Amino acid sequence: MKINVLRVVSNLGTGGVQRRLVSLLPYIDSEKFNISVCSFKDGPLKKTLTKAGYKVFIVPRRFKFDLICIIRLIKIMKSEKIQIVHTHTHKPNTTARIAAILARIPVIIANEHNVDEWKSPFQKLIDCLLARFTDKIIVVSKGVQKFCQLTGIPPGKFHLIYNGVELKKFNDKKFRETKRKELGIDENTCVIGTVGRIHPQKGHEFLIEVVEKLLIEHKSLIFLIIGEGYLREELIRKVKSLNLSKNFLFLGEREDIPELLSCMDIFVLPSLREGFPNTILEAMASSLPVVATDVGGVRELIIPDETGFIVPPANPSALYESLSKLIQDKDLRYKMGNAGFERVKDFSIEKMAKETENLYHKLIEDKKCLQW
């Protein structure tokens, strides 16, 4: 008999958490698990999920403790005979867990994807209270677990499952020439790219800050900014004011990430906080050297000076130094990119799926033993 699972996300946009979920679900054994997805906001990935045969529910959440949203979630959980509720990120981890507790769902799992330093003492208290009714809290890195434990949640509640990447989707260089031609980029130009929502967390302003200096020594550079966010227009104005418009391409949200990665030479992630960045996994799977800030679980993925460089956050001089080394040394880029590809094989989507399945089975069996 199949186990009914409801995965709850905040939206169905093309963010890292959502894209990873869409990648993961086909690798979960459909003979053992019947998975549905619920989101507080619609988005382009709904079409992808429904086309793949997954049932998708859209339940709007208007504010933090939205009673109507909670009631609707309870109805879905009961009508679908859900046995496992698995929530992702802050909003679902609060609202959907409350609904699951009230619906008396046998197994409740919350997924923590980030180091959420912005959380207020009140929200941390809510997290601690909800943790008492949560069977396991999946963390995507040791760095995320360390942060979560500071809120007072006991270590035994956590279960580490690293994000995984679909290796077969990346590292195909056949797109490099055509994609560069489409973007109007010469083959001899060094392309540096980043993927992520355009939000203060991602530190795009620090990247822009070092470009002027990089262009003094390295004339032929293009920077690809892939993603959407409320800071986009502000960053475009800043780039224009610095007369750097010809060196930046703001590409917005894209569904051709593997192809865009194939036309890059260097991947950079200047974030101020992260959990375990999916974009670094994808960059390494594309054989790209990575320059990333020392936040969250980045050190659990990148081997410094072997697969890339790790720099302090909000430190333009360190960012400049590492990027400059890679720009001027093509052999170093090739060496680090290959080492990164070998490294990322330890973080496959298949491994992530198997560990998720094992946790589901264990928690269901534990509840049967307790006769809950």
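Shown above is the structure to which this text applies.
Residues numbered from 1 in each chain as written. Predicted model: local features only at pLDDT ≥ 70, side-chain atom pairs only at ≥ 80, totals over all residues. Heavy atoms only, no water.

J.: Quick rundown of the packing of helix α1 (residues 16-24) against helix α11 (residues 278-285)? Include the residues and the values.
T.: Two numbers describe how α1 lies on α11: the axes approach to 9 Å, and their chain directions differ by 60°. The pairing of α1 with α11 is recorded here as oblique in orientation. Across the interface between the two elements, G16, V17, R19 and R20 from α1 touch N278, T279 and E282 from α11. Its residues assigned to classes, the contact of α1 with α11 comprises one nonpolar, three polar and three charged. (Axes fitted to C-alpha atoms, helices over the stretch in contact; angles between N-to-C directions. Helix = DSSP H or I, 4+ residues; strand = E, 2+ residues; numbered from the N terminus. Parallel < 35°, antiparallel > 145°, perpendicular 65-115°, else oblique. Contact = heavy atoms within 4.5 Å. Nonpolar A, V, L, I, M, F, W, Y, C, P; charged D, E, K, R; others polar.)

J.: Describe the layout of surface pockets, with residues and values.
T.: Once rolled over the atoms, a probe with the size of a water molecule shows which space is left empty. Estimated volume of the largest pocket: approximately 1300 Å³. If you trace the largest pocket, you find 46 residues lining it, with N11, G15, G16, Q18 and R197 closest to the centre. For the lining of the largest pocket, the secondary-structure elements that each account for two or more residues are α1, α4 (90-102) and α11. Among the elements that take part in the lining of the largest pocket, α1 stands out by supplying four residues, more than any other. Per-class residue counts for the lining of the largest pocket are 11 nonpolar, 21 polar and 14 charged. (1 Å grid on protein atoms, 1.4 Å probe; cavity = no way out; pocket = protein on both sides within 12 Å on 5 of 7 lines; lining within 4 Å. Points joined across faces, edges and corners; volume = space filled by probe spheres on them.)

J.: Explain the pairing of strand β9 (residues 221-226) to me, using residue names and the numbers behind them.
T.: Most of β9 sits inside the fold, with six of its six residues counted as buried. Of the two faces of β9, both are covered, the one formed by L221, F223 and I225 as well as the one formed by I222, L224 and I226. Of the pairings in the sheet, the one linking strand β8 (residues 190-195) to β9 comprises six bridges and is parallel in character. Across the sheet, residue I192 finds its bridge partner in β9, namely F223. Regarding topology, helix α8 (residues 204-217) serves as the crossover connection from β8 to the parallel β9, and that connection is right-handed. Sheet topology note: the β9/strand β10 (residues 248-252) ladder contains four bridges and is parallel. Looking at the pairing, F223 lines up with F248 of β10. (Buried < 20%, exposed > 50% of the residue type's maximum accessible area, 1.4 Å probe, protein only. Pairing = 2+ DSSP bridges. Right-handed = clockwise from strand over helix to strand, strands pointing away.)

J.: An account of helix α13 (residues 330-344) is requested, with residue identities and associated values reported.
T.: Quick reminder: α-helices carry 3.6 residues per turn. Residues three or four places apart thus point the same way. Between its first and last C-alpha, α13 extends 21 Å over 15 residues, near the 21 Å set by a 1.5 Å rise per residue. Residues R333, M336, G337, G340, F341 and V344 constitute the buried set of α13. One side of α13 carries all its buried residues, which in axial view fall inside an arc of 140°. For α13, the exposed residues set more than 90 degrees away from the buried face come down to D331, Y334 and K335. Elements that come into contact with the buried residues of α13 comprise β8, β11 (266-269), α11, β13 (308-311) and α12 (316-328). Where α13 starts, the residue carrying a side-chain oxygen 3.2 Å from the main-chain nitrogen of D331 turns out to be D329. (Expected span 1.5 Å × (residues − 1). Arc of directions from axis to C-beta. Polar contact = N/O pair within 3.5 Å; in protein donor to acceptor, adjacent residues only side chain to side chain.)

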